[in-house]
Amino acid sequence: MSHLTEMTSWAVDLIGVDKSYGRDIHALRGVNVQVRQGEVFGLLGPNGAGKSTLVKIMMTVVKPDKVAGTILGRPIGHLKKKGVMGYLPEVTRFPGYLTARQVLDYYARLARVSVVDRRRCIPDLMERVGLSHRWHDVKCSKFSKGMLRRLGLAQALVNDPELIVLDEPTDGLDPIGRRDVRELLTELRSMGKTIFLNSHLLSEIEMVCDRVAILNHGLVARQGTLTELTEHTVEYHVRVSGDLSKLSAEIGEMGGTIRDGMIVLSEHDVGKLNGLIDLVRSRNMLIESATPHRFSLEDVFVQILGADAKGLKTVDSEQTSPVVARAVGS
Amino acid sequence: MQVWALIVDSFRESIDRKMFWVMVFMSAVVAAAMACISFDDKGVDILFGVWKFEDEVWSLGNSGLKGMVGTVAVKFIADQYLGFFGMIVALITTAGVFPGLMTSGTIDLVLSKPMPRWKLFLGKYLGALVFVFLQAVLFVGLTFLVMGVRWHCWMLGYLGLIPLMVILFSYLYAFTALFGVLTRSALTSLLLTMIAWLFIWTPPMAAGTLSMMREASMSPVRVDGEPVEVGASFEKWERLFRTMSWFVPKTSDIVEIAGQWVEGALISDILLSAGEPESEEERKSFEDGRRMEERAAAVNPWTSIGSSLLCEAVIVFFAMYQFGRRDF
Ligand SMILES: Nc1ncnc2c1ncn2[C@@H]1O[C@H](COP(=O)(O)OP(=O)(O)O)[C@@H](O)[C@H]1O
Ligand SMILES: [Mg+2]
């Protein structure tokens, strides 16, 4: 997997995206994101991290201060390429005087979809996002929040896009709606579409994404596949029968900590693990279990935010991306 | 196709507004009120025979009736009703177009479509003009028919008010769009447009007034028996205002042009039908008519509208530039 051969298949390849709002808010500080063609890419980050700013830049709603790279092989804003992109903004406001059908027709016209295609695909599309037949010709001012979100999704798909950019698509949806969206995303992926998904919801990203970038304070803290992100962050839990408290100093010297009555080694170092086991055994205590504990995406997320809160340097994707050794025993 | 979609959407948006129907209703009321008046050989008939006033001047017997109706049309309809009241109502109705477009949730959707920002801007701008055009067609069309059918005054020149009113509106709307883009507030942009209107109305108006005063004083005024050239002192100011007028859309010219198109044609009609002047009195009224025509002709419609549209284009271009570079 050389970097060069992959270049051709990047759907999104943005380098050094930088954006300030006014003098005080530095929303993006040189973000790099790479999305492969045909994958579901998740951009995860706390509120205010700059996720929406990044997708708005991709969709030319916001002008970046600095950017290099391409989307679908062309610079940002290339009209032809914008014609094969779909976008669901974080907030949508549809003209209340239009029906669902008219809304989709209007945005399809703006997206240069032909009359024939509009007639053919708009009813299908409404069914696909779960707007049942009786809502097709109802003014959308009467729609609930969830239905507007569904209409927004349909709007993003109205030109049969290659690249679909969704900013918090499940915002305002109930659990059923969320499941529907997940199924829709899976379906779209199977059709070979590339999906760029913004979310602050871990579970959502974890369930549907192939690759993930974690954005924090305008910087990509991590970027990679789910396994890449979670595999090198492993800790070992060593459960011991007996009182550990008198060993705490020695355990600490060897890099471990005591938590909930067990020894926790927060790094992937089999040598140290065995050192700790030897220590315990030498005191005639019994090991009940020693388990590698793989971090969930949530743990990684919290770890990154925590590290950031402690003022540690947030690393950029290029330095971190792949990979560290696999965890033992997993 | 995209611009067309935007225009259609503007139209749908406007008929969704109450203001649209208020305007339609007002046009109907005015036309109906005018239809209640009719002229016959003897005089005026109001409310289909309820009141009758016998008056030779206001009767079909008077060949000058058409001219008087034309004057009324220009003075009241073009100058005051459409040119002032109508403009304000139209601006109120359309002031929200750009601020509305720029609200979060709306702008994100349209900007993500494969369409350059200038096209989006122009589509919305044209949409507002189309709205005003339709309203103008409705009002001018109705009143044209009423004046023709009920008053026996068919004045083709009167239909010229349709393009003239749209042009006048477009002069003003350039400001509304610009201020709308800059402030994102319908109300603020409306107020700023009113102020701008006052500013751009001043130079051509002042120049025109000064020129009239100068002409009036051309015939030497005698002070203590000595002729005094008063005109010269106005000239400097007149030239200043005239120059300034080149750099603003000339809103006040529109009524002058309307006068030319409506009254001017009528005056020539009257003069032609009157034939050669015979008596001293006739010669005098002939001269009066001439002078009216000439004064109206002092404004060249093509130079005035052309240079005004150029100024408008500059403002629209600047608004478009501002719209094109900002974040949403
Ligand atoms: N139009 C704007 N003007 C000024 N500041 C903004 C604007 N949009 C976003 N911001 C700021 O930029 C930062 C990133 O915001 P955003 O991209 O919306 O983050 P996220 O989508 O990850 O929650 C926030 O601090 C936000 O307040
Ligand atoms: Mg956001």
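Look up a bit, the structure's there.
Residues numbered from 1 in each chain as written. Chains lettered and ligands numbered in written order. Predicted model: local features only at pLDDT ≥ 70, side-chain atom pairs only at ≥ 80, totals over all residues. Heavy atoms only, no water.

I'm lost on the interface of chain B and chain A in this one. Help?
Where the parts come together, the accessible area they lose is often given as the size of the interface. If you look at the interface, chain B gives 29 residues, while chain A gives 30 residues. Taken together, both faces of the contact between chain B and chain A bury some 2,700 Å²; the carbon and sulfur share is 57%. Inspection of the chain B/chain A interface yields one salt bridge. D327(B) serves as the salt-bridge partner of K19(A), at 2.5 Å between the closest nitrogen and oxygen. On the surface where chain B and chain A come into contact, there are 15 residue pairs in polar contact (both at pLDDT 80 or more). Elements with a contribution of two residues or more to the side of chain B that touches chain A: α1 (2–16), α5 (107–111), α6 (117–149) and α12 (301–325) of chain B. Partitioned by chemical class, the residues of the side of chain B that touches chain A number 11 nonpolar, seven polar and 11 charged. (Contact = heavy atoms within 4.5 Å. Buried area = accessible area lost by both parts, 1.4 Å probe. Salt bridge = Lys/Arg side-chain N within 4 Å of Asp/Glu carboxyl O. Polar contact = N/O pair within 3.5 Å; in protein donor to acceptor, adjacent residues only side chain to side chain. Helix = DSSP H or I, 4+ residues; strand = E, 2+ residues; numbered from the N terminus. Nonpolar A, V, L, I, M, F, W, Y, C, P; charged D, E, K, R; others polar.)

Sorry if this is basic, but what is going on with the pattern of salt bridges here?
Side chains bearing opposite charge may pair, as long as their charged atoms lie close to each other. All names here are of chain A. In total, this model carries 21 salt bridges over all chains according to the counting rule given. Notably, a salt bridge pairs D210 with R189, separated by 2.5 Å at the nearest N-O pair. Here D210, found in the loop between α8 (202–208) and β8 (211–216), pairs with R189, found in helix α7 (residues 175–190); they are 21 residues apart in sequence, far enough to count as distant. Between K272 and E267 there is a salt bridge whose closest N-O contact spans 2.9 Å. For K272, a relative accessible area of 30% puts it in the partly exposed group. When its relative accessible area of 31% is taken as the criterion, E267 is described as partly exposed. (Buried < 20%, exposed > 50% of the residue type's maximum accessible area, 1.4 Å probe, protein only.)

I would appreciate a short explanation of the pairing of strand β3 (residues 51–54) of chain B in the present structure.
For a regular strand, side-chain orientation follows a simple rule: the groups alternate between the two sheet faces. All names here are of chain B. When strand β2 (residues 43–46) meets β3, the two strands line up antiparallel, connected through four bridges. Its bridge partner being in β3, V44 is matched across the sheet by F53. Counting the residues in the hairpin turn of β2 and β3 gives four residues, including L47, whose phi is positive at 55°. (Pairing = 2+ DSSP bridges.)

I tried to follow the site of ligand 1 on my own but got confused; where do I start?
All names here are of chain A. Every residue lining ligand 1 is accounted for by Y21, I25, A27, P46, N47, G48, A49, G50, K51, S52 and T53. A distance of 2.8 Å separates an oxygen atom of ligand 1 from a polar atom in the backbone of K51. In the model, an oxygen atom of ligand 1 is placed 2.5 Å from a nitrogen or oxygen of the T53 side chain. Coverage of ligand 1 by the protein amounts to 65% of the 560 Å² it exposes when considered alone. Contributing elements (two or more residues each) for the shell around ligand 1: β2 (25–36) and α2 (51–58). (Near = heavy atom within 4 Å. Areas by Shrake-Rupley, 256 points an atom, 1.4 Å probe, with all protein chains shown as cover.)

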